[in-house]
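Now for the letters of each chain:
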Amino acid sequence: MAEKPRTILAALLLAGDRVVSDAYLREVTWGPTPPATVDQQLYTYVSRLRKLLSGGATILRHRPGYRLLRTDATLDLAEFDRLAGLGYDALRERRHAAAAEHLAAALALWRGTALGGVTEHLARVELPRLEEARMAALEGRIAADLALGRHDALVPELAGLVEAHPVRERLRAQLMTALYRAGRQADALAEYQRGREILAEELGIDPSSALNDVFQSILSGDPRLTAPADPPQEVRVQSRGQVRPAMLPPCVADFTGRERQLRELSGLLCGDVAGAAPVVVTGTAGVGKSALAVQAARMCLDAFPDGQLYADLGGPRDRPRDPGDVLEWFLQALCGPTSPVPATVEARTQLYRSVLAERRVLIVLDNVQDEQQVRPLLPGAAGSRVIVTTRSRFTALEGARPLELDVFDRAEALALLRRVVGAGRVAREHEVADALVARCGRLPIAVRVVAGRLAAKPHWTLGEMARRMADGARRPLDELRLGDIDVRASLRPGYLRLPARARTALCRLSLLHGTEIPVWLAAVVLETDEAGAEDVLETLVDARLLEVRGTDGTGRLRCRMHPVVRLFAGECAQAGTTAAERRSTVERALTAWLMRARAAARTLNDGRHVAGSRALLWFEAERHGLVAAFRQADREGHDVTARSLARALTELRTLSGAAHGAPPGVAGRPRAGAGPGPRAMDVPLTAVSAGTV
């Protein structure tokens, strides 16, 4: 089969049961410059594929794309996911022989490099995800083999893998463990030093805690690192005395700011408020919810003498953890690993609440996705306290006390930059530092990555970091990645959970340069009515991908897209739509701005008091958006629209100034009580008058 039809088939298979848009198929098959006959070619290739497929699968047309429906046909990727899932479950339950068997079977489905024979465009989009899934399964199988005492056989395999993947720290930690168990302690320590040098040279970072823990365990001869006794059967947890659970992660070493939120959260945890209702720390991805929860929890340790429980409910690869599994971990921590655990979630919940009834325990539930995950994990008595971190607001969770976390203020963002980079470097380029944190939208994870990269590159100026982030030849989010901290990866799960219509909306809205998004503009961009557009905006607000900025004169939403979210959504738009589709979206928006501006000017010229007042209110609310629309039109080559917008702005400023009684030459003075006037009206109006714009 030729490359292009193979690519289309692969894209349909990778989508599972979802519809794949024509735009996406064009993009991954022909790239950013498809031929003029692309639609006809796509139709031809799909027709050929339909004839080649057996009766177990068929390609259906579902506008705006195609869907591959499998009936009795099997897909190796689906089977891989099924077997890997069984392996991960067995690994979590310490059934290591079963885990090794399932994961080895999953890996046996891989024959060579995935996506062979497809275009580079599809491979660039999909191959990283598939390779990461394979590597995760491989690391899981090796973990199971190590637990079964197969270290001697693993040493040569792991040596080759570490050579091929030198910055995968888990593989290196596994190699160090296997070498140590094989009696090669010096080689294990040398492997750590090699890994440390490679991480410093290639990424500018130190080894992670996981790698450091293995290193320290080898130095101290930790008995937990020794191989299991022969014969290599399933590893059994030995009984031990009762241990007070202390499961909290360590505090963030460079935790900065958040004094007010820390006081509020610690007050809720340590105060005398009755009941065990959870405190819900909520906010967008990367805003620092987990760091705040752990920091506050550690400040209140003395108030909980019976220990702390912690679980990340987000799970690996965004597979939410089952609350039944978390209950098992918690009960083993509270009662001992050999205590019997009931089989059902309901029975585990009852036992869990009974155990906690006479105790004061602090429970942190991190990265929770929905209320159903939380309810079984809530204690029944008032002595314990619960912190939940989530992107949702959890208004359906009875009695929850919300704590909304926003981005850093300017002082906090600069304080974190100074703390990580050094006060001297920031002081020497204080204006650039200001611009850098603004470019990050003061989102803590983004500021932290920028600071970390600068700390790792002492020869870089802050200006160099700013230049790299503004370089049009680079993808800005590539600069917001440091080791395992990845801004793009933190946003992707929320985006993928969106309905298709909301994903489309986010991508289209990211193409506009205005600060705010009024509902009427969203309706134009989404080609729907205002009620429908408002529903979509509400979905994006609930997913923390848009922020509410208020309402307009008709009570409709006005939203804002965070700068980092805009970068992410812009990348998704580039990958999922054609250049022609993106230009058409922008043209619709610019035309709508122009039509509304002209209508407002006509109303003001008519001299009718009530209608004129409404037009003035509209102009005062939308003048920043009008300026942004003009600039975008001028910058992106919509020349006719740019000239028309400039003329409309000139007329509206003149009419607005006259309506407010401005002296000649002073336009756009706001009414009393209307707040400070905008400073962004630096449209080249004199150039318009001269006909040079």
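Structure: above.
Rules behind the numbers
- Residues numbered from 1 in each chain as written.
- Predicted model: local features only at pLDDT ≥ 70, side-chain atom pairs only at ≥ 80, totals over all residues.
- Heavy atoms only, no water.
- Helix = DSSP H or I, 4+ residues; strand = E, 2+ residues; numbered from the N terminus.
- Buried < 20%, exposed > 50% of the residue type's maximum accessible area, 1.4 Å probe, protein only.
- Areas by Shrake-Rupley, 256 points an atom, 1.4 Å probe, with all protein chains shown as cover.
- Axes fitted to C-alpha atoms, helices over the stretch in contact; angles between N-to-C directions.
- Parallel < 35°, antiparallel > 145°, perpendicular 65-115°, else oblique.
- Left-handed = near helix turned anticlockwise from the far one by under 90°.
- Contact = heavy atoms within 4.5 Å.
- Expected span 1.5 Å × (residues − 1).
- Arc of directions from axis to C-beta.
- Pairing = 2+ DSSP bridges.
- Salt bridge = Lys/Arg side-chain N within 4 Å of Asp/Glu carboxyl O.
- Patch = residues over 30% accessible without salt bridge, like charges linked within 9 Å, V, L, I, M, F, W, Y side chains within 5 Å.
- Lys, Arg positive; Asp, Glu negative; His and termini not counted.
- Charge placed at Lys NZ, Arg CZ, Asp CG, Glu CD.
- Phe/Tyr/Trp six-rings, centres within 6.5 Å; stacked < 30°, edge-to-face > 60°.
- Lys NZ or Arg CZ within 6 Å of the ring centre and 35° of its normal.

### Describing the overall build of the chain
Each helix and strand in the chain was counted, giving 29 helices and 13 strands. Within the chain, buried positions represent 48% of all 693 residues. In the structure as shown, the chain presents an accessible area of about 32,900 Å², 52% of it carried by carbon and sulfur atoms.

### Topic: the packing of helix α19 (residues 444-456) against helix α20 (residues 462-470)
Between α19 and α20, the shortest axis-to-axis distance is 10 Å and the interhelical angle comes to 125 degrees. As judged from the angle between their axes, α19 and α20 are oblique. The chirality of how α19 crosses α20 is right-handed. In contact with Val-450, Arg-453 and Leu-454 of α19, α20 contributes Leu-462, Met-465, Arg-468 and Met-469.

### Here we look at helix α9 (residues 185-202)
When the terminal C-alpha atoms of α9 are compared, their 26 Å separation across 18 residues agrees well with the 26 Å that a helix rising 1.5 Å per residue should span. Within α9, burial applies to Ala-188, Leu-189, Glu-191, Tyr-192, Gly-195 and Leu-199. What you see down the axis of α9 is that its buried residues fit within an arc of 150 degrees, all on one side. Seen from the buried face of α9, the exposed residues on the opposite side, beyond 90 degrees, are Ala-186 and Glu-201. Looking one or two places after α9, you find Gly-204, whose phi comes out positive at around 70 degrees.

### Considerations on the sheet that holds strand β12 (residues 547-551)
Strand pairing within a sheet occurs via backbone hydrogen bonds; the two strands may be parallel or antiparallel. Taken in spatial order, the three strands make up an open sheet running β11-β13-β12, and their pairing is antiparallel. At either end of the open sheet lies a strand with only one pairing partner, and these are β11 (516-518) and β12. In this sheet, adjacent strand axes meet at a mean angle of 30 degrees when their direction is disregarded. Relative to strand β13 (residues 557-560), β12 is paired through four bridges, and the arrangement is antiparallel. Residue pairing for β13: Glu-547 is matched across the bridge by Arg-560. Along the sheet, helix α23 (residues 519-526) makes contact with β11 and β13, crossing β11 at roughly 80 degrees.

### Focus on the pattern of salt bridges
If the charged atoms of two oppositely charged side chains come close together, the side chains can form a pair. All told, the structure shown has 40 salt bridges when counted by the stated rule. Residue Glu-139 pairs with Arg-170 through a salt bridge whose shortest N-O separation is 3.9 Å. Residue Glu-139 is located in helix α6 (residues 120-147), and its partner Arg-170 is located in helix α8 (residues 169-181); the two are separated by 31 residues in the primary sequence. Judged by relative accessible area, which is 6%, Glu-139 ranks as buried.

### Section: unusual backbone geometry
With phi around 55 degrees, Asn-367 is a residue other than glycine that occupies positive phi space. As for its placement among the helices and strands, Asn-367 is situated in strand β6 (residues 362-368). By relative accessible area, which is 34% here, Asn-367 ends up partly exposed. A positive phi angle, close to 55 degrees, is found at Arg-442, a residue other than glycine.

### Comments concerning the pairing of strand β2 (residues 57-62)
Here six bridges tie β2 to strand β3 (residues 65-70), and the two strands are oriented antiparallel to one another. Paired with Thr-58 across the bridge in β3 is Leu-69. Linkage of β2 to β3, two consecutive antiparallel strands, is achieved through a turn of two residues.

### Description of the pairing of β3
When strand β1 (residues 20-21) meets β3, the two strands line up antiparallel, connected through two bridges. Within the sheet, the bridge partner assigned to Val-20 lies in β3 and is Tyr-66.

### Side note on the packing of helix α13 (residues 323-335) against helix α14 (residues 345-356)
In contact at an axis separation of 10 Å, α13 and α14 are set at 35 degrees when each is read in the N-to-C sense. The handedness of the crossing between α13 and α14 is left-handed. The residues of α14 that touch α13, namely those facing Gly-324, Asp-325, Leu-327, Glu-328, Phe-330, Leu-331, Leu-334 and Cys-335, are Val-345, Arg-348, Thr-349, Leu-351, Tyr-352, Val-355 and Leu-356.

### What to know about the sheet that holds β2
Strand order in the open sheet made by the three strands is β1-β3-β2, with antiparallel pairing throughout. Because the sheet does not close on itself, it has two edges, and the strands there are β1 and β2. Across the sheet, helix α3 (residues 38-52) lies against β2 and β3, angled at about 150 degrees from β2, the strand it touches most.

### A short note on a negative patch on the surface
On the surface, a cluster of negative charge is contributed by Asp-529, Asp-535, Glu-538 and Asp-542. Assignment of secondary structure puts Asp-535 in helix α24 (residues 530-542).

### Side note on the packing of aromatic side chains
For any pair of aromatic rings, the description rests on two quantities: the centre-to-centre distance and the angle between the ring planes. Taken as a whole and judged by the stated rule, the model has seven aromatic pairs. Note on Tyr-495 and Phe-568: the rings are 5.4 Å apart at their centroids and 80 degrees apart in plane angle, and the pair reads as edge-to-face. Pair noted here: Tyr-495 is in helix α21 (residues 487-496) and Phe-568 is in helix α25 (residues 563-576), with a separation of 73 residues, a long-range link. Residue class for Tyr-495 comes out buried when judged on its relative accessible area of 10%. Each residue in the set Trp-520, Trp-593 and Trp-618 is aromatic and connected to the rest through ring pairs, giving one cluster. The ring of Trp-110 is capped by Arg-134, whose NZ or CZ atom sits 5.7 Å from the centre of that ring.

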